[in-house]
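What follows is the residue order along each chain.
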Amino acid sequence: YGLKRGISNMIAKLAKTCTLRISPDKLNFILCDKLANGGVSMWCELEQENFFSEFQMEGVSAENNEIYLELTSENLSRALKTAQNARALKIKLTNKHFPCLTVSVELSSMSNSSRIATHDIPIKVIPRKLWKELQEPMVPDPDVSIYLPVLKTMKSVVEKMKNISSHLVIEANLDGELNLKIETELVCVTTHFKDLGNPPLASESTSQDRNPEHMAEVHIDIRKLLQFLAGQQVNPTKALCNIVTNKMVHFDLLHEDVSLQYFIPALS
Amino acid sequence: MKCLVTGGNVKGECGSAWRRRCNTLGTASLTPSALLPAVLGKAVHSLSRIGDELYLEPLEDGLSLRTVNSSRSAYACFLFAPLFFQHYQAATPGQDLLRCKILMKSFLSVFRSLAMLEKTVEKCCIALNGQSSRLVVQLHCKFGVRKTHNLSFQDCESLQAVFDPASCPHMLRAPARVLGEAVLPFPPSLAEVTLGIGRGRRVILRSYHEEEADSTVKAMVTEVCLGEEDFQQLQAQEGAAITFCLKEFRGLLSFAESANLNLSIHFDAPGRPAIFTIKDSLLDGDFVLATLSETDSYSQDLGSLERHRPVPQLQAHSTPHPDDFANDDIDSYMIAMETTIGNEGSRVLPSISLSPGPQPPQSPGPASEEEDEAEPSTVPGTPPPKKFRSLFFGSILAPVGSPHGPSPVLAEDSEGEG
């Protein structure tokens, strides 16, 4: 359950309220790019069989075998925190005076007595007509795709930069170089990361035309970047950054069995 | 008054004499190596969760530290037996017993760092200096460092609450550790919790949220269910339930956990105060907390473990206002103290003039031998008078079990339920 709790902690840091999509083989935590989120969107996916020994669900109908729920992420992470040293964990959708996600934890205890903690997390069921807004975001062809440096390092750099400027430029090239730049009237600060490595790009033609040293850059809100980095407590198995010049930056992470994608739009 | 607390790990003669004494007394829970200044400090931390003023009273029974919260819905008291101290002198011969009231903040500042108390303080000396009106707390630390705190205090009357655990029909007792683990799933910010007995004599703790009519965001409900076997004693009917302030309870709980003691909870019907006690050969702790009334329908549901929508008027009861005394029983207890005429030693409590309150008193008219119905004679809207007068109970009234704690036990007559 440690990983699940880690995920819910991460989600709780990234989004106050998010949508949980339950389908027969996957669970998704979704934040769609509404104005309220400042244009940021998130898509987190995990395979249910990696986490649950028993999984049963029934969606709205056979063709739409999915359930979309809106909940406060912190509730879920707090509920799962209880499960840290649990014997068993059960999650159910219930209706106890209001619809909720009931997380039932059988706690381990010294004696043989059974101790059960139950958390009823209030949820809002999202009607089918709104589902289309909550689909997996299209990942546009990036100009540059690069592996990220150690996220903790990035976070401490960005944290300091936040005190100087409210927006920053993230730029990278196909030569494994990534820069974080801030600029004010009085001062310019740039942090250079080198030798990061680039994954092979999907479309060959783009990469051939492009000068490997040429930077693709995006101007973004520094707080959004910081919020994303703050959610990463553990270093991911794989971390990728895709930049579409002047449009957005897309972070693609893999934490063991969980994939997380985070999109930050460019400042207009 | 002068008393001296020694850290159990003090080397040399006084340390070993102390250890010998502890061993003969068989203090299993407070081991000789327990650092007593730190224990005192932890008690002060606990009390600081309740009130802003600390009433310090040296008694023959020991040193009592008491406090009450501003809305007078919570009272807490620690009594340190004379054996807790290496040297305890309640009063200089020929002098009256001094009592004082000091700002909790000031006293807490002396004991703020528990780590420091545990590691560096070898002796702690507390003395009440009547002439200079100062409470002197001296910490003798390692390397010859001595810290002296001179705290100003106010004379005051004794703060005493009237409560009798024996009169409560329901009680449960468990190691503090078990209760500590049980409250872990609840968010730290949760204000109130409901404790009840469910089907199969399972003990249930559930987060309590006041229902807000127009709130669209519902709060998460957390419930913890413990089996009877987790408790050393469980004497309660199924369906019995009370709702009290979790934050205040945590104060006593953390102390009890650190001292590895058992915690007893005595309670009655909803609305009647709940009494939380810890007991040891060296100290006693009593926390008396008000409980919400009107949880009747809730306790019926408890058996089926279903969430209950609380009665809307609960809003009024949950945070007792100073002038809302009618349903807040704990407050009645406090007022009982307050309005007595100061004839100390008198066996008869004078009748208290009753102001027309929202709820007429239920007990028969002021019987001279009985505890009075405590409607305060304050004008609604004014804050309650802070001054507490002393009630010298001595041997009034009735069935007192073994006198326990600083305030002799009084059988409180039933005030009836609204």
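That block above? That's the structure.
Everything numeric in this text was worked out from a predicted model, so none of it was measured.

## Notes on the overall build of chain B
Secondary structure assignment for chain B yields 9 helices and 19 strands. Nonlocal contacts in chain B, meaning residues at least 24 apart in sequence, comprise 67% of its contacts between residues at least 6 apart. Element-wise, carbon and sulfur atoms account for 51% of the exposed surface of chain B, whose accessible area totals about 17700 Å².

## A look at the overall build of chain A
In terms of helices and strands, chain A carries 5 helices and 15 strands. Taking all 268 residues of chain A together, 49% fall into the buried category. Across chain A, contacts joining residues at least 24 apart in sequence account for 61% of those joining residues at least 6 apart. Surface accessibility of chain A: about 13600 Å² in total, with carbon and sulfur atoms responsible for 48%.

## A word on the interface of chain A and chain B
Taken together, the contacts link 17 residues of chain A with 21 residues of chain B. Summing both partners gives a buried area of about 1800 Å² for chain A against chain B, and 51% of it is carried by carbon and sulfur. Counting across the chain A and chain B interface gives 2 salt bridges. Of the charged contacts in the structure, one is a salt bridge between B:Glu181 and A:Arg115, with a shortest N-O distance of 2.6 Å. Our count for the contact surface shared by chain A and chain B stands at 6 residue pairs in polar contact (both at pLDDT 80 or more). Of all the elements in the fold, those that place two or more residues in the side of chain A that touches chain B are α2 (73-82) and β7 (115-125) of chain A.

## Digging into helix α5 (residues 222-230) of chain A
When α5(A) is considered as a whole, its buried residues turn out to be A:Ile222, A:Lys224, A:Leu225, A:Leu226, A:Phe228 and A:Leu229. If you check the start of α5(A), you find a side-chain oxygen 2.8 Å away from the backbone N of A:Arg223, and it comes from A:Asp221.

## A look at the sheet that holds strand β5 (residues 87-89) of chain B
Residue and element names in this part refer to chain B. Pairing is antiparallel in the open sheet, where 5 strands are placed in the order β5-β1-β7-β8-β9. Each end of this open sheet is capped by a strand with a single partner; those strands are β5 and β9 (146-152). Between one strand axis and the next, the sheet turns by 15 degrees as a mean value, whatever way the strands run. Summarising the sheet, strand β1 (residues 2-6) and β5 pair through 3 bridges and their orientation is antiparallel.

## Observations concerning the packing of aromatic side chains
This structure, assessed with the given rule, holds 14 aromatic pairs over all chains. The structure contains a cluster of three or more aromatic residues connected by ring pairs, namely B:Phe78, B:Phe80, B:Phe84, B:Phe85, B:Tyr88, B:Phe255 and B:Phe287.

## As for the packing of helix α5 (residues 176-183) of chain B against helix α6 (residues 246-258) of chain B
Residue and element names in this part refer to chain B. The contact between α5 and α6 brings their axes to 9 Å, and the two run at 140 degrees. When the interaxial angle is binned, α5 and α6 end up oblique. Regarding α5 and α6, the two cross each other, and that crossing is left-handed. Each of Ala 176, Arg 177, Leu 179, Gly 180 and Val 183 in α5 lies in contact with α6, whose residues at this interface are Leu 246, Phe 249, Arg 250, Leu 253, Ala 256 and Glu 257. Considered class by class, the residues forming the contact of α5 with α6 number 7 nonpolar, 1 polar and 3 charged.

## Concerning the pattern of salt bridges
Applying the stated criterion to the full structure yields 19 salt bridges over all chains. The partner of A:Asp221 in a salt bridge is A:Arg223, with the nearest N and O atoms 3.1 Å apart. Overall, the relative accessible area of 10% leaves A:Asp221 in the buried class. The salt bridge involving B:Glu228 is made with B:Arg201; its shortest N-O contact spans 3.2 Å. Here B:Glu228 is found in the loop between β14 (221-226) and β15 (233-235), whereas its partner B:Arg201 is found in the loop between β12 (192-197) and β13 (203-208), with 27 residues between them in sequence. The exposure class of B:Arg201 is partly exposed, given its relative accessible area of 24%. Three or more residues are tied together by salt bridges with common partners; here these are A:Arg115, B:Arg177, B:Glu181 and B:Asp230.

## Side note on helix α2 (residues 36-48) of chain B
Three or four residues apart is the spacing at which side chains of an α-helix point the same way, because the helix has 3.6 residues per turn. In this model α2(B) runs 18 Å from its N-terminal to its C-terminal C-alpha over 13 residues, within 8% of the 18 Å that 1.5 Å per residue would give. The set of residues buried in α2(B) consists of B:Leu36, B:Pro37, B:Ala38, B:Val39, B:Leu40, B:Gly41, B:Ala43, B:Val44, B:Ser46 and B:Leu47.

## Describing unusual backbone geometry
Residue and element names in this part refer to chain B. If you check the backbone angles, Arg 72 has positive phi at about 55 degrees while not being a glycine. For Arg 72, the location among the structural elements is in the loop between β3 (62-68) and β4 (74-80). The backbone phi angle of Phe 143 is positive, close to 65 degrees, even though this residue is not glycine. Locating Phe 143 in the fold gives a position in the loop between β8 (134-141) and β9. By relative accessible area, Phe 143 is classed as exposed at 80%.

## Digging into the sheet that holds strand β2 (residues 53-59) of chain B
Residues and elements named next belong to chain B. Pairing is antiparallel across the open sheet formed by 10 strands, whose spatial order is β10-β6-β2-β3-β4-β19-β18-β17-β11-β15. Edge strands, defined here as strands with exactly one partner in the open sheet, are β10 (154-155) and β15. Where β3 meets β4, 6 bridges bridge the pair, whose relative direction is antiparallel. Paired with Val 68 across the bridge in β4 is Tyr 75. Strands in contact with α2 are β2, β3, β4 and β19 (283-289); relative to β4, the strand with the most contacts, it is inclined by about 170 degrees.

## Some remarks on the nonpolar core
One recurring pattern in soluble globular proteins: nonpolar side chains tend to sit buried together. If you look at the biggest cluster of nonpolar residues, it comprises 150 residues, and the most contacted ones within it are A:Leu180, A:Phe251, B:Phe80, B:Phe107, B:Leu135, B:Leu263 and B:Phe276. Broken down by element, the residue count for this core peaks at 7 residues, all from α2(B). Setting aside its immediate chain neighbours within four residues, B:Phe107 contacts B:Val44, B:Leu54, B:Leu56, B:Ile102, B:Ile126, B:Leu135, B:Val137 and B:Leu151. Formed by 11 residues, the second largest nonpolar core is a distinct cluster that contains B:Tyr75, B:Cys156, B:Phe163 and B:Val288.

## Things to note about a nonpolar patch on the surface
A cluster of nonpolar side chains, namely A:Ile164, A:Leu186 and A:Val187, defines an oily patch on the protein surface of about 310 Å² accessible area. You can see A:Ile164 is positioned in the loop between α3 (151-162) and β9 (167-172).

## Examining the state of the cysteines
Note on terminology: a disulfide is the covalent bond linking the sulfur atoms of two cysteines. Residue and element names in this part refer to chain B. Here the structure, examined in full by the defined rule, presents 0 disulfides over all chains. Of all cysteine sulfurs in the structure, the one in Cys 125 sits closest to Cys 124, which takes part in no disulfide; the separation is 7.3 Å. A relative accessible area of 0% places Cys 124 in the buried class. Free of any disulfide, Cys 141 has its nearest cysteine sulfur in Cys 124, 9.5 Å distant.

Criteria and thresholds
- Throughout this document, residue positions are counted from 1 along each chain, in the order its sequence is written.
- Chains carry letters and ligands carry numbers; both start at the beginning, A for chains and 1 for ligands, and go up in the order they are written.
- In keeping with the model being predicted, local features are shown solely for residues with a pLDDT of at least 70 and side-chain atom pairs are shown and tallied solely at 80 or more, while totals for entire chains, interfaces and linings include all residues.
- Side-chain measures were taken over the full set of non-hydrogen atoms in the model, leaving aside hydrogen atoms and water.
- Numbering of helices and strands runs from the N terminus, with a helix taken as a DSSP run of H or I at least four residues long and a strand as a DSSP run of E at least two residues long.
- Contacts are residue-level and defined by heavy atoms, with any inter-residue pair within 4.5 Å sufficient.
- Each accessible area value is a Shrake-Rupley result obtained with a 1.4 Å probe; residue values ignore everything except the protein chains displayed when judging cover.
- Categorising residues by exposure relies on relative accessible area from a 1.4 Å probe, with only protein chains included: less than 20% of the type maximum marks a residue as buried, more than 50% marks it as exposed, and the intermediate range marks it as partly exposed.
- Accessible area that two parts lose when put together, with a 1.4 Å probe and added across both, is what the buried area reports.
- For this analysis, a salt bridge means a side-chain nitrogen from Lys or Arg found within 4 Å of a carboxyl oxygen belonging to Asp or Glu.
- In the analysis that follows, any N or O atom pair within 3.5 Å is treated as a polar contact, provided that within protein one partner can donate a hydrogen and the other can accept it, and provided that, for residues neighboring in sequence, both atoms belong to side chains.
- Paired strands, as defined in this entry, are two strands with at least two bridges between them according to DSSP.
- Throughout, an axis means a line fitted to C-alpha atoms (over the contacting stretch in the case of helices), and angles, computed between N-to-C directions, take values from 0 to 180 degrees.
- Only rings of Phe, Tyr and Trp enter the pairing, Trp through its six-membered ring, and a pair is recorded when the two centres are within 6.5 Å. The plane angle decides the type: under 30 degrees is stacked, over 60 is edge-to-face, the rest tilted.
- Each angle receives one of four descriptions, namely roughly parallel if under 35 degrees, roughly antiparallel if over 145, roughly perpendicular if within 65 to 115, and oblique otherwise.
- Each crossing is labelled by how the near helix is turned from the far one, with a counterclockwise turn of less than a right angle marking it left-handed and a clockwise turn marking it right-handed.
- Following the grouping adopted for this structure description, the nonpolar residues are Ala, Val, Leu, Ile, Met, Phe, Trp, Tyr, Cys and Pro, the charged ones are Asp, Glu, Lys and Arg, and the polar ones are all others, Gly among them.
- Here the expected length of a helix is defined as 1.5 Å per residue gap, with one fewer gap than residues.
- Buried Ala, Val, Leu, Ile, Met, Phe, Trp, Tyr and Cys residues form a nonpolar core when they are joined through side-chain atoms within 4.5 Å.
- Like-charged residues within 9 Å of one another, or nonpolar side chains (Val, Leu, Ile, Met, Phe, Trp, Tyr) within 5 Å, are grouped into patches, provided each residue has over 30% relative accessible area and no salt bridge.
- Our working definition of a disulfide is a cysteine sulfur pair at a distance within 2.5 Å.

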